Amino acid sequence: MRVFVTGATGFIGSSVVQELIAAGHQVLGLARSEDGAQSLTAAGAQVQRGDLADLQALRSAASTADAVIHTAFIHDFSKFQEVCEIDRQAIETLGAALAGSSRPLLVSAGIGPRAQGRVATEDTDPLTDARMPRVSEQAALALQSKGVRVSVMRLPQVHDPLKAGLITYLIALAREKGVSAYVGDGLNRWAAVHRLDCARLYKLALEKGTAGARYHVVAEEGVSLRDIAESIGRGLNIPVVSKSPEEAPAHFGWLAFFASIDMPASGALTQKWLGWHPTGPSLISDLDQARYLET
Ligand SMILES: NC(=O)c1ccc[n+]([C@@H]2O[C@H](COP(=O)([O-])OP(=O)(O)OC[C@H]3O[C@@H](n4cnc5c(N)ncnc54)[C@H](OP(=O)(O)O)[C@@H]3O)[C@@H](O)[C@H]2O)c1
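Residues numbered from 1 in each chain as written. Predicted model: local features only at pLDDT ≥ 70, side-chain atom pairs only at ≥ 80, totals over all residues. Heavy atoms only, no water.

Across its full length, the protein carries 12 helices and 12 strands. In terms of overall dimensions, the protein has a C-alpha envelope of 55 × 40 × 35 Å along the principal axes. Split into buried and exposed, the 295 residues of the protein put 51% on the buried side. Pairs at least 24 apart in sequence give 79% of the contacts found in the protein among residues at least 6 apart. Of the accessible surface of the protein, which amounts to about 12700 Å², a share of 51% is contributed by carbon and sulfur atoms. Taken as two groups, the 28 positive and 31 negative side-chain charges of the protein have centres that lie 4 Å from each other. (Helix = DSSP H or I, 4+ residues; strand = E, 2+ residues; numbered from the N terminus. Buried < 20%, exposed > 50% of the residue type's maximum accessible area, 1.4 Å probe, protein only. Contact = heavy atoms within 4.5 Å. Areas by Shrake-Rupley, 256 points an atom, 1.4 Å probe, with all protein chains shown as cover. Lys, Arg positive; Asp, Glu negative; His and termini not counted. Charge placed at Lys NZ, Arg CZ, Asp CG, Glu CD.)

It is worth spelling out the site of the ligand at this point. Taken together, 21 residues lie around the ligand, and Thr9, Ile12, Arg32, His75 and Arg134 are the ones closest in. Contacts to the ligand include Gly7, whose backbone N or O atom sits 3.3 Å from an oxygen atom. Going through the elements one at a time, helix H1 (11-22) and strand S7 (157-159) are the ones with two or more residues in the shell around the ligand. Looking at the shell around the ligand, its residues break down into 10 nonpolar, 7 polar and 4 charged. (Near = heavy atom within 4 Å. Polar contact = N/O pair within 3.5 Å; in protein donor to acceptor, adjacent residues only side chain to side chain. Nonpolar A, V, L, I, M, F, W, Y, C, P; charged D, E, K, R; others polar.)

Further remarks concern the environment of Val193. Take Val193: it is sitting in strand S9 (residues 189-194). With 25 residues separating them along the chain, Val193 and Val218 place their C-alpha atoms 5.3 Å apart. Those residues in contact with Val193 that lie beyond four places of it in its chain are Pro156, Gln157, Val158, His159, Cys198, Val217, Val218, Ala219 and Trp276.

Okay, empty space enclosed by the protein next. Counting across every chain of the model gives 2 cavities of 30 Å³ or more. In this model, the largest cavity occupies a volume close to 50 Å³. If you trace the largest cavity, you find it lined by Leu170, Leu173, Ala174, Val179, Ser180, Ala181, Ala229, Ile232, His251 and Phe252. Residue assignment for the lining of the largest cavity shows that the elements contributing at least two residues are helix H6 (166-177), strand S8 (180-183), helix H8 (225-236) and helix H9 (248-252). When grouped by side-chain class, the residues that make up the lining of the largest cavity number 8 nonpolar, 2 polar and no charged. (1 Å grid on protein atoms, 1.4 Å probe; cavity = no way out; pocket = protein on both sides within 12 Å on 5 of 7 lines; lining within 4 Å. Points joined across faces, edges and corners; volume = space filled by probe spheres on them.)

So, on to the sheet that holds S7. Taking strand neighbours across the sheet as the criterion, the 3 strands line up as S7-S9-S11 in an open arrangement whose pairing is mixed. Two strands bound the open sheet, and with one partner strand each, they are S7 and strand S11 (220-224). Neighbour to neighbour, the strand axes of the sheet diverge by 45° on average, direction disregarded. When S9 meets S11, the two strands line up antiparallel, connected through 3 bridges. Residue Ala192 lies in a different strand from S11, and its bridge partner there is Glu220. (Pairing = 2+ DSSP bridges. Axes fitted to C-alpha atoms, helices over the stretch in contact; angles between N-to-C directions.)

Inspection of every chain in the model, using the stated rule, returns 0 disulfides. Not engaged in a disulfide, the cysteine Cys84 finds its nearest cysteine sulfur in Cys198; these two sulfurs lie 19 Å apart. For Cys198, a relative accessible area of 1% gives the class buried. (Disulfide = S-S within 2.5 Å.)

Take the pairing of S9 next. The side chains of a regular strand alternate, first on one face of the sheet and then on the other. With 5 of its 6 residues buried, S9 lies for the most part within the structure. As paired elements, S7 and S9 share 3 bridges and run parallel to each other. Counterpart to His159 in the pairing with S9 is His194.

As assigned here, the protein comprises domain 1 (2-158 + 193-218) and domain 2 (160-191 + 221-265 + 280-294). The C-alpha centroid of domain 2 is placed 26 Å from the C-alpha centroid of domain 1. On the domain 2 side, the residues contacting the 23 residues of domain 1 number 22 residues. Area buried by domain 1 at its contact with domain 2 is led by Phe77, Gln157 and His194, which between them contribute 33% of it. Connecting domain 1 to domain 2 are 1 salt bridge. The closest approach of N and O atoms between Arg195 and Asp160, which form a salt bridge, is 3.1 Å. (Domains from an automatic or database assignment. Buried area = accessible area lost by both parts, 1.4 Å probe. Salt bridge = Lys/Arg side-chain N within 4 Å of Asp/Glu carboxyl O.)

The structure is reproduced here in structure tokens:
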């Protein structure tokens, strides 16, 4: 297949590109910079230059592809509402280019929060919360009624020894504050997956996926924030402390909401549906050998 990949230069997208090319697919990757274009060419992909907000570039690339994988996102949390709107428009544009065909669209989304103590499964809806303006999943699934063969990749914390989703920001915060913190008893959990297992699942979903499916890219159902904070503390050689819910906003800033919530998720149905068997190292194992902790 000829696959158009947005975010092809990113943490997840670049490993998806490698996985697709290794499996014999052709990749057309979106790049917004010359460096990004060069890295895609070196990886064996073709390049579509353009910005996520350049809807004409997205439309024309998607219309030449047999499938589209959307992993681009502008991670600027200072204008989150605005970047979520750019994401929504990009998803609708990609969908419109594929409407009425059997060409699949995979859209990346987060594992949203659930009621406290409930493990998210593929068939449950995320809670709506005004602090979570991201609507990638909703925008994607709405495309089904327009004849788009769309499915959603719900992502937990995706890790390797260099990066680990929101935990990368927790590490930077711990380094800045001189303590590694969790909220309350720290027993709230985040699900996780290794980067290469994640890339393999995108390929499987592309090749074998079902329209309308919500896949959980989840290897570990939930790792406690306390275990995460303790690993960061070991890595940075700094104290590990608990912050009360009242102290959390001052300590964590924009991360306070995420640091406080329970986001466990099961990938059991996804593993069964797609024959996916994650084999990568655990989150704590990757954090414990994170090379960036040594710098
Ligand atoms: N990593 C995780 O643990 C995790 C967890 C939950 C959800 N997700 C979601 O998974 C997706 C991929 O995440 P990631 O970790 O791979 O993110 P990332 O490393 O930040 O990569 C983002 C990608 O989007 C591209 N991009 C950013 N702004 C752009 C713009 N204005 N125009 C065009 N492209 C632009 C980046 O291009 P440049 O290379 O030029 O910057 C890069 O290719 C995102 O939707 C993310 O929110 C990730």
